[in-house]
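A look at the structure
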Amino acid sequence: MSAKWLLFLRSFLFAILTHLAAFSTPIHKAPPALNGTNVDRLALLAIKSMIKGDPQGLLTSWNHSSTNFCQWQGVTCSLHHQRVTHLDLSHGGLIGTLSPSIGNLSFLRVIWFPNNSFSSEIPPEIGHLFRLRQLRLHNNSFTGNIPATLMNCSNLQILNLGNNNLVGKIPDGIGSLSMLSFLSLHDNILQGGIPPFIANLTLLDTLSLANCQLGGSFPNLFHGLTNLRRLSVAGNNLIGTIPPSLYNCSSLEELRLFDNKLTGRLPKNLGSMMPHLVELWLSNNHIQGNLLSIPATLHVLNLGCNNLWGELPSLSNGSSALILDLSNNYFVGSVHNLVCSNGVNTIEFVDLGYNQLSGVIPECWEKWSSLKVLQLSCNNLSGEIPRTLGSVPLLQLLGMGGNKISGSLPSSLMNLSYLKILGLNKNNLVGIIPPWIGIKLTMLKILNLRSNNFYGNTPNQLCYLSHVQMLDLSHNNLSGNIPRCFNNFSVLSGKETNLEVRFSFNFGSIVYFVRDLLVMKGREDTYGSILGLVTLLDLSSNNLSGQIPSELTTLHNLQSLNLSRNQLTGEIPNKIGDMKSLESFDLSVNNLSGELPMSLSGLNFLSSFNVSYNNLTGRIPTGTQIQSFSESSFFGNKLCGSPLTNDCGHVDKPDTTSHQKEVAGSHKVDWGLIISIVLGFITGFWVIGVSLILNRSWRITYFRLMRKLIKV
């Protein structure tokens, strides 16, 4: 073989081996880059992984087996790119934290997660979402600071982080969000005052910073906010006067400044300065001056708890007022101008309580066809209750306590079939309690006739008030027995369980919470937020007689029972311990007798107890609560044992003097009995002896009998 042939063969074999090696070596390809849809899908699954509770199953469709995430519940995608643009998980009750992966949804425009239970911090990665227009995370439990990265969301129009647990200062960067029209941070724990950058947000339509504890003064920065329609900075302890620039916001419709420390006066031409103003909330401040006129556009005028004075204004014809609260001020004079105005037919709520109003309440109430709440308590009003009040068909609350109203209850009030609260306490009303209260006003939950001059029996018809939670007839001149039918009170007995946590009335989006003065545990307090949880029966300081009806012990939900200062007799019902909810129990100053029932020791919630000045005897029952009360709770009886210092071993011993006399008398010699016995013996002896001596046959028979007896 030639050298050339060998060279060719070597080259040929090398080429073949090289190709074989190439085909046998594995090829490592680079992984494909994740496309946008895969990024969105993984981000959604990461969001789900951080949610630990899903009571409504909103995220059931969010799973690995379903590749078309655009059909998952709460997810909306763009038609062209199939990228996530909207996330709506509102009102789902979701529990967990918000994953930082939400920042990977780069096409996202709307995040709508309100009314859930998200906690921990708001992830700063949200600041990556430059397309974001709406961020709604309100009504959750987010903590930490408001992310400063939100300033990067330059297209943001709506930012709602209200009602969370956010802390710290409001980031200055929010002032650069020039597109912002809605900013709500209410009900958080923020600081640093109202930020100056608010002046830069000239497109703002709504600004809510209420209840954030911001503090500081009310800054004068509203000159350029000509689009502002709703402003709420209530509950921030703001000081100073209302800034003049605010009155330049001629577009304002709702202004809520209540619960601050603002001073100064309202301008006389408020109506012309804010011609579109519908709601004005200024209660609980220190605003001064008189109220000359009310803008006709107002639906809500809330000026309660200020330092306003003068006479009440009248309402012009065409007024659209719904709510009028002028309570807790210094208004004087008659209510005639207001009550008899022509523009009252739309008003649903009036509170004029705690002023210095006087005079007779006029008979103009037939005009008030929409009225639901009328509060006139704690003034100096006199005269009788107007009969035309019975012409207000929708009335649910009538409060006229703490005045000088006299006369009897007009029968026209029986037409108020929707009435839930009737407060006429602390007046000079007379007559009997009319039976129609129980027959016609069956929706009553609070009936307070305390401190008047009502007399006669407590009508049994009151037992038809099955929904009643508070019944106070104390400090009157009522007589007779306590009705045995009080066990018909289904709320107090526990048969009806729908206690109103708060007594409230709704007027569209506005909720009014009822407050009332109640006497419990020996003191008078104002009850507001928990008023609906109170259950009370007070018949004290009357002339009631007879026994305590055992039927009262079936009122298992009753918290306060006061029957003191009457003329009640008999024993305390043995089953009094069945009233497990009792917190206050007063039977003092009656004529009750017998022993304290042992079942009292089972009343574990008692915090006020008094049975003093009765005719009770015996040992005080042993129980954790009973022994915690002072001795004064038991004075004026013949009781013993803790907490009294007298030991039961030395109290109420039986009177041994008469017993000893009886015993001593039984040991005296009864001479009459002895003489009778002796005379009988002598007489009998001589009668038998003489007969045996004089009659021989009797004598023989007697001795034969004696011999037989001896032999036997």
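Residues numbered from 1 in each chain as written. Predicted model: local features only at pLDDT ≥ 70, side-chain atom pairs only at ≥ 80, totals over all residues. Heavy atoms only, no water.

Overview of the overall build of the protein
Helix and strand content of the protein: 9 helices and 48 strands. With 712 residues in all, the protein has 47% of them scored as buried. Excluding contacts between residues fewer than 6 apart, the proportion of contacts in the protein whose partners are at least 24 apart in sequence is 50%. Summing over all exposed atoms, the protein offers an accessible surface of approximately 34,200 Å²; the carbon and sulfur share of this is 55%. (Helix = DSSP H or I, 4+ residues; strand = E, 2+ residues; numbered from the N terminus. Buried < 20%, exposed > 50% of the residue type's maximum accessible area, 1.4 Å probe, protein only. Contact = heavy atoms within 4.5 Å. Areas by Shrake-Rupley, 256 points an atom, 1.4 Å probe, with all protein chains shown as cover.)

Considering the side chain of N164
As for its position among the elements, N164 is in the loop between strand 9 (158–160) and strand 10 (165–169). Within the structure, the side chain of N164 is placed 3.1 Å from the backbone oxygen of L137, a separation counted as a polar contact. When sequence neighbours within four positions are dropped, the list of residues in contact with N164 reads L137, H138, N139, N140, S141, F142, D187 and N188. (Polar contact = N/O pair within 3.5 Å; in protein donor to acceptor, adjacent residues only side chain to side chain.)

Section: the pattern of salt bridges
In this structure the tally under the stated criterion is 11 salt bridges. One salt bridge in this structure joins R83 and D40, with 2.9 Å as the shortest N-O distance. On the criterion of sequence distance, the pair formed by R83 in the loop between strand 2 (75–77) and strand 3 (84–88) and D40 in helix 2 (residues 36–49) is long-range, its members being 43 residues apart. D40 matches R83 in its accessibility class, with the two residues each being buried. (Salt bridge = Lys/Arg side-chain N within 4 Å of Asp/Glu carboxyl O.)

Quick notes on the sheet that holds strand 12 (residues 189–191)
Spatially, 3 strands are ordered 8-10-12 in an open sheet, and the strand pairing comes out parallel. What marks the edges here is a single partner per strand, and that holds for strand 8 (143–145) and strand 12. Across the sheet, the axes of successive neighbouring strands diverge by a mean angle of 15°, strand direction being ignored. As defined by bridge partners, strand 10 adjoins strand 12 across 3 bridges and the pair is classed as parallel. Bridge assignment links K169 to a residue of strand 12, and that residue is Q191. (Pairing = 2+ DSSP bridges. Axes fitted to C-alpha atoms, helices over the stretch in contact; angles between N-to-C directions.)

Quick look at the confidence of the model for the protein
Note that predicted coordinates carrying low pLDDT should not be read in detail. When pLDDT is averaged along the protein, the result is 87; 85% of the residues meet or exceed 70. Overall, residues 11–33 carries pLDDT values under 50, and its contacts beyond four positions in sequence, including any with other chains, amount to 0 contacts. When the criterion is pLDDT under 50, residues 705–712 qualifies, and its contacts beyond four places in sequence or with other chains add up to 0 contacts. (pLDDT = per-residue confidence, 0-100.)

Let's talk about the sheet that holds strand 1 (residues 51–53)
Read across the open sheet, the 3 strands follow the order 1-4-6; overall the sheet is mixed. Each end of this open sheet is capped by a strand with a single partner; those strands are strand 1 and strand 6 (117–119). Sheet twist, expressed as the mean angle between neighbouring strand axes with direction ignored, is 20°. In terms of strand pairing, strand 1 meets strand 4 (residues 95–97) through 2 bridges, oriented antiparallel.

Overview of the state of the cysteines
Enumeration according to the criterion identifies 4 disulfides in this entry. There is a disulfide in this structure between C70 and C77, and the S-S distance comes to 2.1 Å. Classification of the bridge connecting C70 and C77 rests on its S-S torsion, roughly -95°, and on that basis the disulfide is left-handed. Looking at C70, the relative accessible area reads 18%, which means it is buried. (Disulfide = S-S within 2.5 Å.)

Structural notes on the packing of aromatic side chains
Counted according to the given criterion, the structure contains 11 aromatic pairs. Above the ring of F107, the side-chain terminus of R131 is found at 4.1 Å from the ring centroid. Geometry around W112 places R136 over its ring, the cationic atom sitting 5.0 Å from the centre. (Phe/Tyr/Trp six-rings, centres within 6.5 Å; stacked < 30°, edge-to-face > 60°. Lys NZ or Arg CZ within 6 Å of the ring centre and 35° of its normal.)

Brief notes about the environment of K575
Within the element layout of this structure, K575 appears in the loop between strand 43 (567–570) and strand 44 (584–586). Judged by its relative accessible area of 57%, K575 is exposed. Residues K575 and T554 lie 21 residues apart in sequence; the distance between their C-alpha atoms is 8.6 Å. The contacts of K575, once residues within four sequence positions are left out, are T553 and S599.

Section: the pairing of strand 47 (residues 615–619)
Pairing geometry for strand 45 (residues 591–595) and strand 47, over 3 bridges, is parallel. The residue of strand 47 that forms the bridge with S593 is N615. Here strand 47 pairs with strand 48 (residues 638–640) via 3 bridges, running parallel. The residue of strand 48 that forms the bridge with G618 is L639.

Quick look at a nonpolar patch on the surface
On the surface, a nonpolar cluster with roughly 260 Å² of combined accessible area is contributed by L394, Y418 and M443. Relative to the helices and strands, M443 is located in the loop between helix 5 (436–440) and strand 32 (446–448). M443 gets classed as partly exposed once you look at its relative accessible area, which sits at 33%. (Patch = residues over 30% accessible without salt bridge, like charges linked within 9 Å, V, L, I, M, F, W, Y side chains within 5 Å.)

Brief notes about the pairing of strand 3
With 3 bridges connecting them, strand 2 and strand 3 associate as antiparallel partners. The residue of strand 3 that forms the bridge with C77 is V84. Counting the residues in the hairpin turn of strand 2 and strand 3 gives 6 residues, including Q82, whose phi is positive at 55°. Note that strand 3 and strand 5 (residues 110–112) share 3 bridges and pair parallel. Bridge pairing links D88 to W112 in strand 5.

Here we look at the environment of V519
With respect to the helices and strands, V519 occurs in strand 38 (residues 516–520). Exposure remark for V519: the relative accessible area of 17% places this residue in the buried category. Distance from V519 to D472, taken between C-alpha atoms, is 9.1 Å for residues 47 residues apart in sequence. Those residues within four positions of V519 in sequence are excluded, and the remaining contacts are R450, E524, L536 and D538.

Quick look at unusual backbone geometry
Residue S642 is joined to P643 through a cis peptide bond whose omega torsion reads 10°. In this model, N237 sits at a positive phi of 55°, which is unusual for a non-glycine residue. As for its placement among the helices and strands, N237 is situated in the loop between strand 14 (230–232) and strand 15 (239–241). The backbone phi angle of K426 is positive, close to 55°, even though this residue is not glycine. With respect to the helices, strands and loops of the structure, K426 is situated in the loop between strand 30 (421–423) and strand 31 (428–432). For K426, a relative accessible area of 35% corresponds to the partly exposed category.

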